Amino acid sequence: MTREQYELEQRLLQIELLKLQKLGAPPGQSASGVSGQDRPLRSCGGSVTLAGASLDSHPINPILGHTGLVTTHRPQLARAAAAAPPRTLIQILQETAHRFPDASALDDGRTSLSYAELLLEVKAYGRDLHQAGIGAGDKVGVRIPSGTNELYVAILAILHVGAAYVPVDADDPDERARLVFAEAGVAGILRADEIITSPDRMRPFQAPREATPADDAWVIFTSGSTGTPKGVAVTHRSAAAFVDAEARMFLSAEPLNTSDRVLAGLSVAFDASCEEMWLAWRNGACLVPAPRSLVRTGMDLGPWLITNGITVVSTVPTLAGLWPAESLEAVRLLIFGGEACPAELAARLAVDDRELWNTYGPTEATVVACAARMDGKGPVRIGLPLDGWDLAVVDPAGIPVAEGVIGELIIGGVGLAKYLDPSKDAEKYAPMDTLGWERAYRSGDLVRFESEGLIFVGRADEQVKLGGRRIELGEIDAALQSLPGIHGAAAAVQTTAAGNQILVGYLVPAPNTAPDLSAARGLLSARLPAALVLMLTTVDSLPVKTSGKVDRNALPWPIAAVPTGVPGPGLEMDLDDRSRWIVEQWAAVLGAAPEGLDADFFAHGGGSLAAARLVSALRVLPDDHRRGRLRPPAARGTRGTGAPVRPGRRQRGSRRDRTRGEADRPEVPNLPAPGRDPVAAAGVHAVANLPDGLEQHRCHRRRSPRSPDRVLVVGTGLLGCVR
């Protein structure tokens, strides 16, 4: 057994051990429920045993149970005691404004606001919220277009009055907005120049007060495994501790200051956007919003960074990999997060006059839990905890593992958030008796514990099973991204017309390069087991979600042909019936036709199961086809012409449903002319489709008492006003 095979087997063993938690008994008990006092748990070099018994015969469950006699262990990486003193985000902004009143705080390219001016705008918007009946303790939906000062002023105004903001990307479908706002129970919705509330709210807000550290600052919704988004609420205490911890960590020798300009390019519906905002406002720098349409184009954002003098960028590696290196020349702090960072990208962007950081953290632990500075050498780490966070890497018994061993990452400390769903919160933040924690977040992520800094391995609960083998797509991504001349890459398991599953690697080549895919397969075969050899294809860019992460479901499939990177005769030539039949069956099993008749089936994503399917298909070739007398009938996955069908992915909704934007929304009648009573004017009906059980109501609009450009909307159908 080679070293690589041994490490893979050890990794799979660790994954299997973590799965046992679903089957076993609480710590301190055997699987049969009998007290385990006489058979204590012990960790042996990362493996877990019951004294006098094998693990296979006595599975255990450290997560669901917290009864019995359990030995408390110290987490390997404990920094909770180093948390900054409690305060609110608004107190942070006020302190910065007091220190740098004339420094630029927000600049969307149309209007630049100093810190003093920003505070005035925030307070004025806060008065409008109070007049609309919104205040401390409320949750407020935000759906304002990106790239504008108004979006960030609105968010700060919500925080200023002690409410929590619930963001939905302005480009997301209306159905998503209605679901999120309903789940959160928002008291109002902010849109461009509008404040939408229900008419039954008492106005003005009766008990105005400032935010406290215990108040929720934001509620971010993450994707749920059941398809229902999960709302995660973060308090001012946790958020401010995160902001202060990062201020201590980044650029300690030459801290961020009033000369820095921070890119605001992430959707506010993604929690990493909070990092962008407060990197600026904690340090007196200027936040510079970029339109989402510009960010999504990838390459086009590069020149924009130069034009706008951006010196600080927090983004996902996928986007940064698409930017020309020269566009980042002025950037002195570059932060990656949200997905695995390729070592090649780190080596390319780590330069002497720039700090390059890799960060890790789920939404449930307040944006970032740990970070590592990268120098382009050695393994890419997710690093050590921020001040205020505790990290433990545990085995299936919940016991911290030894150096170099893989386990599940458990998070504790000041950054713990909470789910809006009490049952979900109780499950994911249950006590961790083996660590002595009353609340602990089970990340579901596998990491290797190394005291120098943690190394991310993959997910414990999202492995892909291919050909009976469990694989981690993140591991495959890393191998693809390490290929020379590749700026971005992602793997996905695709299903062919014949029902066969194959592993496909999508590569984004560096500008003006044409990768040799045959050579790339050779490099991959030296790093990956034979069962994980991929079909490779090139794409211009990788589709991304609102969060900036790669959207594997949107990767193109099927592909027209399997590019080999080696010149061949191609298949445009006339083929006899037998050859055409073979090509059709190949395409049905592998999802794409070969470029030539001498193509290697196994080098193009074919495995043993796929080969069995192909052989089985070829054996049913009718005798007449064997003799070349007749054309083969249209086989499954082929057209009558013999050309491979390109079946699309099963649609989850119409294209209109998935991409509906402002152009698809109903027009709103003009407001009454000045001098007329706006409240007495004819109402505006919300015509968006409403969920079952909700009525469609009339909404009235009136101009803001402070600004003629802002409209207060008072209606009887809050969710119905989501347009």
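Keep in mind the model is a prediction, meaning the values are calculated, not measured.

**Some details on the sheet that holds strand S28 (residues 535–538)**
- Here three strands make up an open sheet; going across it, the order is S26-S27-S28 and the pairing mixed. The outermost strands of the open sheet, each flanked by one partner alone, are strand S26 (486–495) and S28. Each strand of the sheet is rotated relative to its neighbour by a mean of 25°, with strand direction disregarded.
- Relative to S28, strand S27 (residues 501–509) runs parallel, the two sharing four bridges. Paired with Tyr506 across the strands is Thr537, a residue of S28.
- The strands touched by helix H14 (residues 517–527) within the sheet are S27 and S28, with S28 carrying the most contacts at an inclination of about 135°.

**Some remarks on the pattern of salt bridges**
- Summed over the entire model, instances satisfying the criterion amount to 19 salt bridges.
- In this structure, Arg79 engages Asp387 in a salt bridge whose closest nitrogen and oxygen atoms are separated by 2.5 Å. Residue Arg79 is located in the loop between strand S3 (77–78) and helix H2 (89–99), and its partner Asp387 is located in the loop between strand S18 (384–385) and strand S19 (389–394); the two are separated by 308 residues in the primary sequence.
- Judged by its relative accessible area of 36%, Arg79 is partly exposed.
- What makes Asp387 buried here is its relative accessible area of 17%.
- Note that Asp174 and Arg143 form a salt bridge whose closest N and O atoms lie 2.9 Å from each other.

**Things to note about H2**
- Considered for burial, the residues of H2 that qualify are Leu89, Ile90, Ile92, Leu93, Thr96 and Ala97. Looking down the long axis of H2, one finds its buried residues gathered within 155° of arc, a one-sided arrangement.

**Quick look at the environment of Pro75**
- Relative to the helices and strands, Pro75 resides in the loop between strand S2 (47–50) and S3.
- In this structure the C-alpha to C-alpha distance between Pro75 and Gly436, which are 361 residues apart in sequence, comes to 9.5 Å.
- Aside from chain neighbours lying at most four places away, what touches Pro75 is Leu391, Ala392, Leu435 and Trp437.

**Points about unusual backbone geometry**
- For the bond from Arg203 to Pro204, the omega torsion is -10°, close enough to zero to count as cis.
- Within the secondary structure, Pro204 is located in the loop between strand S9 (194–197) and strand S10 (216–222).

**Here's the deal with the nonpolar core**
- Leu118, Trp218, Trp278, Trp281 and Ile411 are the most contacted members of the largest nonpolar core, which has 90 residues in total.
- The element best represented in this core is helix H4 (residues 149–160), accounting for nine residues.
- Among residues more than four places away in sequence, those in contact with Leu118 are Leu93, Ala105, Leu106, Leu113, Val153, Leu156 and Trp281.

**Remarks on the packing of aromatic side chains**
- Taken as a whole and judged by the stated rule, the model has six aromatic pairs.
- When the centroid spacing of 6.3 Å and the interplanar angle of 50° are considered together, the rings of Tyr165 and Trp218 count as tilted. Residue Tyr165 is located in strand S7 (residues 164–167), and its partner Trp218 is located in strand S10; the two are separated by 53 residues in the primary sequence. We note that Tyr165, like Trp218, is buried.
- Grouping aromatic residues by their ring pairs yields a cluster made of Tyr152, Trp278 and Trp281.
- When the ring centre of Tyr429 is taken as origin, the NZ or CZ atom of Arg439, which lies over that ring, is 4.3 Å away.

**Some remarks on the pairing of S9**
- The two faces of S9 match: Glu194 and Ile196 on one face and Ile195 and Thr197 on the other face are all buried.
- The sheet contact formed by strand S8 (residues 188–191) and S9 spans four bridges and is antiparallel. For Ile189, the partnering residue across the bridge sits in S9 and is Ile196.

**Observations regarding the sheet that holds strand S20 (residues 406–413)**
- Taken together, the five strands give an open sheet; going across it, the order is S3-S19-S20-S22-S23, and neighbouring strands pair in antiparallel fashion. The sheet terminates laterally at S3 and strand S23 (455–459), the two strands that pair on one side only.
- Pairing of strand S22 (residues 441–448) with S23, which is carried by four bridges, proceeds in the antiparallel orientation. Counterpart to Leu446 in the pairing with S23 is Gly458.

**Focus: the packing of H2 against H4**
- One way to put it is that H2 packs onto H4 with a least axis distance of 9 Å and a crossing angle of 115°. On the basis of their axis angle, the class for H2 and H4 is roughly perpendicular. The chirality of how H2 crosses H4 is left-handed. Facing Leu89, Ile90 and Leu93 of H2, the residues of H4 in contact are Leu156, Leu159 and His160.
- By residue class, the composition of the contact of H2 with H4 is five nonpolar, one polar and no charged.

**As for the confidence of the model for the chain**
- Averaged over the chain, the pLDDT score is 75; the fraction of residues at 70 or greater is 66%.
- Confidence over residues 20–67 falls short of pLDDT 50; this stretch has 83 contacts with residues more than four positions distant or in other chains.
- Low pLDDT (under 50) marks residues 626–723, which in the prediction has 191 contacts with non-local residues, meaning those over four places away or in another chain.

**Some remarks on the pairing of strand S13 (residues 286–289)**
- Of the two faces of S13, the one lined by Cys286 and Val288 and the one lined by Leu287 and Pro289 are each fully buried.
- As judged from the four bridges shared by strand S12 (residues 261–264) and S13, these two strands associate in the parallel manner. Counted as the bridge partner of Val262 is Leu287 from S13.

**Section: helix H5 (residues 174–184)**
- Within H5, burial applies to Asp174, Ala177, Arg178, Val180, Phe181 and Ala184.
- For H5, the elements touching its buried residues are strand S6 (139–142), S7, S8 and S10.
- Taken from the residues just after H5, Gly185 is the one with a positive phi, measuring 65°.

Analysis parameters
Residues numbered from 1 in each chain as written. Predicted model: local features only at pLDDT ≥ 70, side-chain atom pairs only at ≥ 80, totals over all residues. Heavy atoms only, no water. Pairing = 2+ DSSP bridges. Helix = DSSP H or I, 4+ residues; strand = E, 2+ residues; numbered from the N terminus. Axes fitted to C-alpha atoms, helices over the stretch in contact; angles between N-to-C directions. Contact = heavy atoms within 4.5 Å. Salt bridge = Lys/Arg side-chain N within 4 Å of Asp/Glu carboxyl O. Buried < 20%, exposed > 50% of the residue type's maximum accessible area, 1.4 Å probe, protein only. Arc of directions from axis to C-beta. Core = buried A, V, L, I, M, F, W, Y, C linked by side-chain atoms within 4.5 Å. Phe/Tyr/Trp six-rings, centres within 6.5 Å; stacked < 30°, edge-to-face > 60°. Lys NZ or Arg CZ within 6 Å of the ring centre and 35° of its normal. Parallel < 35°, antiparallel > 145°, perpendicular 65-115°, else oblique. Left-handed = near helix turned anticlockwise from the far one by under 90°. Nonpolar A, V, L, I, M, F, W, Y, C, P; charged D, E, K, R; others polar. pLDDT = per-residue confidence, 0-100.

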